[in-house]
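In case you want the letters, here they are:
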Amino acid sequence: MKPETPAPWSPLDNTGKLFPSIQNHRYTGFFRISVTLKDPIRRGVLQDALDLIMPRFNFFQVRMSPGLFWYTLVEDLPLPRIWPDSNNPCIRFKRPFRDPHLFRIRYYDKRIALEISHALTDGFGALEFLKTLVWAYLEERKNQPLDSQGILTPGQPSDPRETEDAFLGIYQKGLPKVTPRSQAFQIPFPRLGAGNYRIITGEVPTDKLKALAQTQGCSITEFLGATLLWSLQALKETLHQISKHEKPFRIMIPINLRKFFPSPTLRNFFTTIPLELDCRLGHYDFEEITKKVHHFMKAELDEKLIRQQIARNVEGERNPVVRVLPLFLKSFFLRGIFKRGEKLHTMSLSNLGVVEFPQAWSEEIQGLDFIPPPSPHNPVNLSVISFGNRLSLTFGRVLEDTRLEYFFFNHLRSLGLPVTISSNQESD
Amino acid sequence: MAFCPRCGVQTHEKTCALCSTPIPPIPDLPWQPPAWPRTSPEDPSMVYPTFLQRRNQAFALVTSIILLAGMILLAVDVYQDWKLDWSLVPLIALGSAELYVYFIFFFYRSFLWITGGILGTTALFLFLIDAADTGQWFLTLGLPIVSTLALLMIPTYFIIRKSRRHGFNVPGFLLAGCGLFCLSLDALITHQLTGQWLLTWSIIVTLAILPMGAYFFYLHYALRREVNIKRTLHL
């Protein structure tokens, strides 16, 4: 009898290694990017499109397998299926529906959504996958070839570097340690029960927001970071009577490293920079905050500083003591380290930037939305994505309280920006 | 599209997602499907019970076990001679256990409430046990021990809480509190037995504890963060 060949496997990347150890029923590690088309989605066509593109993205068709020292990705799964969308996105499935795939495709009305684990990829990789899926779906639905410029089509041979751990390529040995940070202000409201994830999406015109940011002399990310810090300050001022410890606000901003170190990798390849505002020094005006944020980001987006952060992460993984620790002990320590790390910032602001599709069929698309992963430690997070003249700002929260979102969108309104709000809260 | 009269944002929904203000309906507005599907039993996403729901379920379970145990005790005791006899002490213990569980489950966030509740329950338990027996030692021994414990625990908690940095000083304060409690306990027991205020075994315990506490204070206050340990220890 012929012996059964073991399924191909691959290691997780440096950032991805963290996620299987820390994820649980509250912190699922799933984030979501969705595309809204102009016509309702046809489930069968979408399933055909997914089946068509999966051979090109076979490194996404994997399950997490615990090894003796690390988790690995094993390629032995059948083709994924399409799921109807849910009122609670990015949440674990109930037992009969549990799916070992690290991503799922969902549909609702005119929307196709990709929910994917951070263990597998980052926002860039997820976006590339979703772009290919939308291209394949539209081609199947229209039954005619469509322009595929800038799309990773199934016919193309895949580049082996798409699955590389790009952090190792830019790792520089012998750099000094990163200066540790103090703990940051934590949003104090009671958390919702596990499995509940509240979403509020605000749509604003990209051109007006860009013009507004330019009047302050900063980029859109800097402007939104400043607005978020201003909102946190307003929130803190309303809570002053009940606040016990004064700690600075710190917003974590993920940075796509492909802009600094070109790489075709579809695995995680990002680092984070912190935006900080110390409320103990007194009240800041919005102009003061934007100026501070602008200069701070200019200073922090430095290739050498980024290399220093990456060296810390890679050295953590390569540490001989860490390497020989069995997986259950590693997971135990990683959970503690992650929890400590989450206390060093208040929330995150993730901007995927402007997404472009080939001109020939981009008119089929209404817009894109991006939802951050739910986190009990940082209970509110903001994600941003833009397509055409529609910029989507999505707050994901595990709280009932909406004061932060209220302050944020009201500030944008007060600056003359029209805001359209939608949410997954059922109101009747 | 409708506007929220309070926030000024546009929305398709019936209430504003930001401020919960009802949105005034616009009559001739075309119908729009909701932005998200409604919750349905077919939804594969898992919704777990909230912490409060799980706490209430656990409390109900513990209470029913205690009640069941109490009813069995009562039935066995009363069945023999139609009198409440030996089951009184275990019934008092079960009642106290229920009160302990209540304070732990419902007041775990407030140190003062949980300490007050647990110490109060302990005092009540000792009083009832004493009353059920000879009625001799509660006022002279039981109540003073519980009161001393309260008088030491509450100030120790506030001193720890008010300290600017939490580190090795926390075990230092706890050991100091334990040492003082041992001294008081020893004095109260000796007084009850001999009628004299004497310290016996507690001196040995305190002499063992206090140097350790002092060492923790030294580590915390003398070896501050700025001190280079490698340089101090000539490593």
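None of the values given here were measured: they were computed from a predicted structure.

Let us now look at the overall build of chain B. Looking only at helices and strands, chain B has seven helices and two strands in total. Here the C-alpha atoms of chain B give a radius of gyration of 30 Å, more than 25% beyond the 18 Å that 2.2 N^0.38 yields for 235 residues. Projected onto its principal axes, the C-alpha coordinates of chain B cover approximately 95 × 80 × 35 Å. Within chain B, the fraction of its 235 residues that count as buried is 29%. If you take every contact in chain B between residues at least 6 apart in sequence, the share linking residues at least 24 apart comes to 44%. When the accessible area of chain B is evaluated, it comes to approximately 15,600 Å², of which 70% is carbon and sulfur surface. One way to put it: in chain B the 15 positive side-chain charges average out to a point 22 Å from where the 12 negative ones average out.

We now examine the environment of Leu 114 of chain A. Residues and elements named next belong to chain A. Turning to its location among the elements, Leu 114 is positioned in strand 7 (residues 111-117). The exposure class of Leu 114 is buried, given its relative accessible area of 0%. Expressed as a C-alpha distance, the spacing of Leu 114 and Phe 31, which sit 83 residues apart in the sequence, is 8.3 Å. When sequence neighbours within four positions are dropped, the list of residues in contact with Leu 114 reads Phe 31, Arg 32, Ile 33, Phe 103, Arg 104, Ile 105, Ala 126, Phe 129 and Leu 130.

In this section: the packing of aromatic side chains. Under the defined criterion, the tally for this structure stands at 35 aromatic pairs over all chains. An angle of 25 degrees between the planes, with centres 6.3 Å apart, marks the rings of Phe 217 of chain B and Tyr 221 of chain B as stacked. Residue Phe 217 of chain B and its partner Tyr 221 of chain B are both found in helix 6 (residues 201-222); the two are separated by four residues, about one turn of the helix. One aromatic cluster is present, built from ring pairs that chain together Phe 59, Tyr 102, Phe 103, Phe 105, Phe 106, Phe 107 and Trp 113 of chain B. The ring of Trp 83 of chain A carries Arg 81 of chain A above its face, with NZ or CZ at 3.9 Å from the centroid. Between the NZ or CZ atom of Arg 111 of chain A and the centre of the ring of Trp 36 of chain B, over which it lies, the distance is 4.5 Å.

Strands belonging to one sheet form pairs held by backbone hydrogen bonds; the direction of such a pair is parallel or antiparallel. Residue and element names in this part refer to chain A. Strand order across the open sheet formed by five strands is 5-6-7-2-12, with mixed pairing between neighbours. At either end of the open sheet lies a strand with only one pairing partner, and these are strand 5 (82-84) and strand 12 (365-371). The mean inter-strand angle of the sheet, taken between neighbouring strand axes irrespective of direction, is 25 degrees. Of the pairings in the sheet, the one linking strand 5 to strand 6 (residues 103-108) comprises three bridges and is parallel in character.

Our focus in this paragraph is the sheet that holds strand 14 (residues 390-397) of chain A. The nine strands lie next to each other as 10(A)-9(A)-11(A)-13(A)-14(A)-8(A)-15(A)-2(B)-1(B), forming an open sheet whose pairing is mixed. At either margin of the open sheet sits one strand with a lone partner, and together these are strand 10 (270-277) of chain A together with strand 1 (2-3) of chain B. As paired strands, strand 11 (residues 347-354) of chain A and strand 13 (residues 380-387) of chain A are joined by four bridges and run parallel to one another. Bridge pairing links Leu 349 of chain A to Leu 382 of chain A in strand 13 of chain A. Together, strand 8 (198-205), strand 11, strand 13, strand 14 and strand 15 (420-423) of chain A form the strand contacts of helix 12 (residues 403-414) of chain A, whose direction differs from that of strand 14 of chain A by roughly 160 degrees.

Analysis parameters
- Residues numbered from 1 in each chain as written.
- Chains lettered and ligands numbered in written order.
- Predicted model: local features only at pLDDT ≥ 70, side-chain atom pairs only at ≥ 80, totals over all residues.
- Heavy atoms only, no water.
- Helix = DSSP H or I, 4+ residues; strand = E, 2+ residues; numbered from the N terminus.
- Rg over C-alpha atoms; globule rule 2.2 N^0.38 Å.
- Buried < 20%, exposed > 50% of the residue type's maximum accessible area, 1.4 Å probe, protein only.
- Contact = heavy atoms within 4.5 Å.
- Areas by Shrake-Rupley, 256 points an atom, 1.4 Å probe, with all protein chains shown as cover.
- Lys, Arg positive; Asp, Glu negative; His and termini not counted.
- Charge placed at Lys NZ, Arg CZ, Asp CG, Glu CD.
- Phe/Tyr/Trp six-rings, centres within 6.5 Å; stacked < 30°, edge-to-face > 60°.
- Lys NZ or Arg CZ within 6 Å of the ring centre and 35° of its normal.
- Pairing = 2+ DSSP bridges.
- Axes fitted to C-alpha atoms, helices over the stretch in contact; angles between N-to-C directions.

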